[in-house]
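Structural features, examined
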Amino acid sequence: MIDRVSNSVTVQAVNEARHVKARSDTIQVASAVMAILTALAFASIALSSYRLAAERDRRLRESNARFRDLALASSDIFMEIDANAHIQILEGGQDTWTEELHDEIVGHSLSVLLDKFEIPLEARGQLKAAYDRQEPFRGIEYQLRHPHTGAEGWHSISGMPFADKSGAFAGF
(Lines give C-alpha, C1' and ligand atoms only; values in the text may rest on other atoms or scores of the structure.)
Protein backbone atom coordinates (compact mmCIF):
# COMPACT_ATOMS: atom_id res chain seq x y z
CA MET A 1 0.00 0.00 0.00
CA ILE A 2 2.83 2.38 0.76
CA ASP A 3 4.28 1.59 -2.64
CA ARG A 4 0.99 2.47 -4.27
CA VAL A 5 0.69 5.74 -2.37
CA SER A 6 4.32 6.49 -3.09
CA ASN A 7 3.83 5.74 -6.81
CA SER A 8 0.66 7.83 -6.83
CA VAL A 9 2.45 10.78 -5.22
CA THR A 10 5.36 10.34 -7.64
CA VAL A 11 2.99 10.28 -10.63
CA GLN A 12 1.23 13.40 -9.34
CA ALA A 13 4.55 15.16 -8.79
CA VAL A 14 5.72 14.22 -12.29
CA ASN A 15 2.41 15.39 -13.80
CA GLU A 16 2.64 18.68 -11.87
CA ALA A 17 6.21 19.12 -13.00
CA ARG A 18 5.13 18.56 -16.61
CA HIS A 19 2.35 21.14 -16.25
CA VAL A 20 4.74 23.63 -14.67
CA LYS A 21 7.25 23.01 -17.47
CA ALA A 22 4.51 23.40 -20.10
CA ARG A 23 3.38 26.68 -18.52
CA SER A 24 6.97 27.86 -18.33
CA ASP A 25 7.50 26.96 -22.00
CA THR A 26 4.29 28.79 -22.94
CA ILE A 27 5.41 31.88 -21.03
CA GLN A 28 8.83 31.77 -22.71
CA VAL A 29 7.25 31.44 -26.14
CA ALA A 30 4.83 34.29 -25.40
CA SER A 31 7.72 36.46 -24.17
CA ALA A 32 9.72 35.71 -27.32
CA VAL A 33 6.72 36.54 -29.53
CA MET A 34 6.18 39.83 -27.65
CA ALA A 35 9.86 40.73 -28.05
CA ILE A 36 9.68 40.02 -31.79
CA LEU A 37 6.47 42.07 -32.18
CA THR A 38 8.01 44.96 -30.21
CA ALA A 39 11.13 44.86 -32.40
CA LEU A 40 8.98 44.84 -35.55
CA ALA A 41 6.97 47.82 -34.27
CA PHE A 42 10.15 49.81 -33.58
CA ALA A 43 11.55 48.84 -37.00
CA SER A 44 8.33 50.01 -38.64
CA ILE A 45 8.47 53.34 -36.80
CA ALA A 46 12.13 53.80 -37.73
CA LEU A 47 11.43 53.01 -41.39
CA SER A 48 8.51 55.44 -41.42
CA SER A 49 10.68 58.18 -39.87
CA TYR A 50 13.43 57.51 -42.41
CA ARG A 51 10.97 57.78 -45.30
CA LEU A 52 9.58 61.07 -43.96
CA ALA A 53 13.09 62.49 -43.54
CA ALA A 54 14.08 61.35 -47.03
CA GLU A 55 10.97 62.99 -48.52
CA ARG A 56 11.65 66.22 -46.60
CA ASP A 57 15.26 66.23 -47.84
CA ARG A 58 14.13 65.62 -51.42
CA ARG A 59 11.67 68.52 -51.24
CA LEU A 60 14.33 70.80 -49.75
CA ARG A 61 16.79 69.93 -52.55
CA GLU A 62 14.10 70.63 -55.16
CA SER A 63 13.25 73.95 -53.50
CA ASN A 64 16.93 74.96 -53.41
CA ALA A 65 17.30 74.03 -57.08
CA ARG A 66 14.24 76.16 -57.99
CA PHE A 67 15.69 79.09 -56.02
CA ARG A 68 19.05 78.77 -57.80
CA ASP A 69 17.27 78.65 -61.18
CA LEU A 70 15.26 81.74 -60.26
CA ALA A 71 18.37 83.53 -59.02
CA LEU A 72 20.26 82.71 -62.22
CA ALA A 73 17.38 83.83 -64.42
CA SER A 74 16.98 87.07 -62.52
CA SER A 75 18.94 90.26 -62.85
CA ASP A 76 18.89 90.40 -59.04
CA ILE A 77 21.68 89.23 -56.81
CA PHE A 78 20.68 87.32 -53.68
CA MET A 79 22.80 87.51 -50.56
CA GLU A 80 22.45 86.01 -47.14
CA ILE A 81 24.16 87.86 -44.32
CA ASP A 82 24.46 86.13 -40.93
CA ALA A 83 23.87 87.65 -37.48
CA ASN A 84 27.54 88.69 -37.32
CA ALA A 85 27.18 90.64 -40.60
CA HIS A 86 29.20 88.13 -42.64
CA ILE A 87 28.06 87.30 -46.15
CA GLN A 88 27.22 83.60 -46.38
CA ILE A 89 25.49 83.27 -49.76
CA LEU A 90 25.88 85.24 -52.98
CA GLU A 91 23.82 83.97 -55.91
CA GLY A 92 22.30 85.21 -59.12
CA GLY A 93 22.65 88.19 -61.32
CA GLN A 94 23.00 87.85 -65.06
CA ASP A 95 26.09 89.98 -65.18
CA THR A 96 29.48 88.56 -64.34
CA TRP A 97 29.98 90.51 -61.12
CA THR A 98 28.66 87.71 -58.93
CA GLU A 99 30.95 85.11 -60.48
CA GLU A 100 34.01 87.35 -60.62
CA LEU A 101 33.75 88.58 -57.05
CA HIS A 102 32.15 85.60 -55.29
CA ASP A 103 35.29 84.48 -53.44
CA GLU A 104 36.22 88.05 -52.50
CA ILE A 105 32.80 88.60 -50.89
CA VAL A 106 31.44 85.36 -49.42
CA GLY A 107 32.71 84.75 -45.91
CA HIS A 108 33.71 88.37 -45.43
CA SER A 109 31.93 91.01 -43.40
CA LEU A 110 29.41 93.38 -44.89
CA SER A 111 31.80 96.28 -44.21
CA VAL A 112 34.36 94.65 -46.56
CA LEU A 113 31.70 94.61 -49.28
CA LEU A 114 30.75 98.23 -48.63
CA ASP A 115 34.41 99.30 -48.79
CA LYS A 116 35.26 97.17 -51.84
CA PHE A 117 32.42 98.67 -53.87
CA GLU A 118 32.83 102.18 -52.46
CA ILE A 119 29.20 102.33 -51.35
CA PRO A 120 28.30 105.99 -50.56
CA LEU A 121 28.06 106.98 -46.90
CA GLU A 122 24.34 107.77 -47.08
CA ALA A 123 23.50 104.27 -48.32
CA ARG A 124 25.88 102.74 -45.78
CA GLY A 125 24.11 104.60 -42.97
CA GLN A 126 20.67 103.46 -44.15
CA LEU A 127 21.84 99.87 -44.45
CA LYS A 128 23.57 99.89 -41.05
CA ALA A 129 20.51 101.42 -39.35
CA ALA A 130 18.19 98.80 -40.85
CA TYR A 131 20.60 96.02 -39.88
CA ASP A 132 20.97 97.31 -36.32
CA ARG A 133 17.16 97.54 -35.94
CA GLN A 134 16.81 94.06 -37.48
CA GLU A 135 13.92 95.36 -39.54
CA PRO A 136 13.05 94.84 -43.20
CA PHE A 137 14.33 97.49 -45.59
CA ARG A 138 13.55 98.18 -49.21
CA GLY A 139 14.96 100.22 -52.01
CA ILE A 140 18.21 101.59 -50.58
CA GLU A 141 19.74 102.90 -53.82
CA TYR A 142 23.36 103.64 -54.56
CA GLN A 143 25.86 103.78 -57.37
CA LEU A 144 28.80 101.44 -57.12
CA ARG A 145 32.04 100.82 -58.93
CA HIS A 146 33.39 97.38 -59.87
CA PRO A 147 36.65 97.06 -57.90
CA HIS A 148 38.62 95.55 -60.81
CA THR A 149 37.20 97.10 -63.97
CA GLY A 150 35.99 100.44 -62.62
CA ALA A 151 32.60 99.93 -64.34
CA GLU A 152 29.81 101.80 -62.57
CA GLY A 153 26.19 100.89 -62.09
CA TRP A 154 23.14 101.80 -60.02
CA HIS A 155 21.84 99.26 -57.56
CA SER A 156 18.96 98.97 -55.15
CA ILE A 157 19.10 96.74 -52.11
CA SER A 158 16.27 95.31 -50.01
CA GLY A 159 16.38 92.89 -47.11
CA MET A 160 14.26 90.78 -44.80
CA PRO A 161 15.56 89.65 -41.40
CA PHE A 162 15.23 85.99 -40.49
CA ALA A 163 15.42 84.07 -37.22
CA ASP A 164 16.88 80.74 -36.17
CA LYS A 165 14.83 77.91 -34.64
CA SER A 166 14.88 79.56 -31.21
CA GLY A 167 13.57 82.85 -32.65
CA ALA A 168 16.88 84.71 -32.30
CA PHE A 169 17.98 87.06 -35.05
CA ALA A 170 20.07 85.10 -37.59
CA GLY A 171 20.69 87.76 -40.23
CA PHE A 172 19.26 89.04 -43.52
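The rules behind these values
- Residues numbered from 1 in each chain as written.
- Predicted model: local features only at pLDDT ≥ 70, side-chain atom pairs only at ≥ 80, totals over all residues.
- Heavy atoms only, no water.
- Pairing = 2+ DSSP bridges.
- Helix = DSSP H or I, 4+ residues; strand = E, 2+ residues; numbered from the N terminus.
- Phe/Tyr/Trp six-rings, centres within 6.5 Å; stacked < 30°, edge-to-face > 60°.
- Buried < 20%, exposed > 50% of the residue type's maximum accessible area, 1.4 Å probe, protein only.

Moving on to the pairing of strand S3 (residues 137-145). Here S3 runs beside strand S4 (residues 152-159); their pairing, made up of seven bridges, is antiparallel. Bridging from a neighbouring strand, Arg 145 pairs with Glu 152 of S4. Hairpin connection, S3 to S4: the antiparallel pair is bridged by six residues, and Gly 150 has positive phi, about 80 degrees.

What follows is about the packing of aromatic side chains. Aromatic ring pairs are reported here in terms of the distance separating the ring centres and the angle at which the planes meet. Applying the stated criterion across every chain yields a total of four aromatic pairs. Summarising the aromatic geometry, the rings of Tyr 131 and Phe 169 are spaced 5.6 Å apart at their centres and angled 80 degrees between planes, so their arrangement reads as edge-to-face. One end of the pair, Tyr 131, is in helix H4 (residues 121-133); the other, Phe 169, is in strand S6 (residues 169-171), with 38 residues separating them in the sequence. By the burial criterion, Tyr 131 is buried, and Phe 169 matches it. With a centroid separation of 5.8 Å and an interplanar angle of 70 degrees, the aromatic rings of Phe 169 and Phe 172 are classed as edge-to-face. Note on Phe 169: relative accessible area 19%, which makes it buried. For Phe 172, a relative accessible area of 9% corresponds to the buried category. These aromatic residues form a ring-pair network of at least three members: Tyr 131, Phe 137, Phe 169 and Phe 172.

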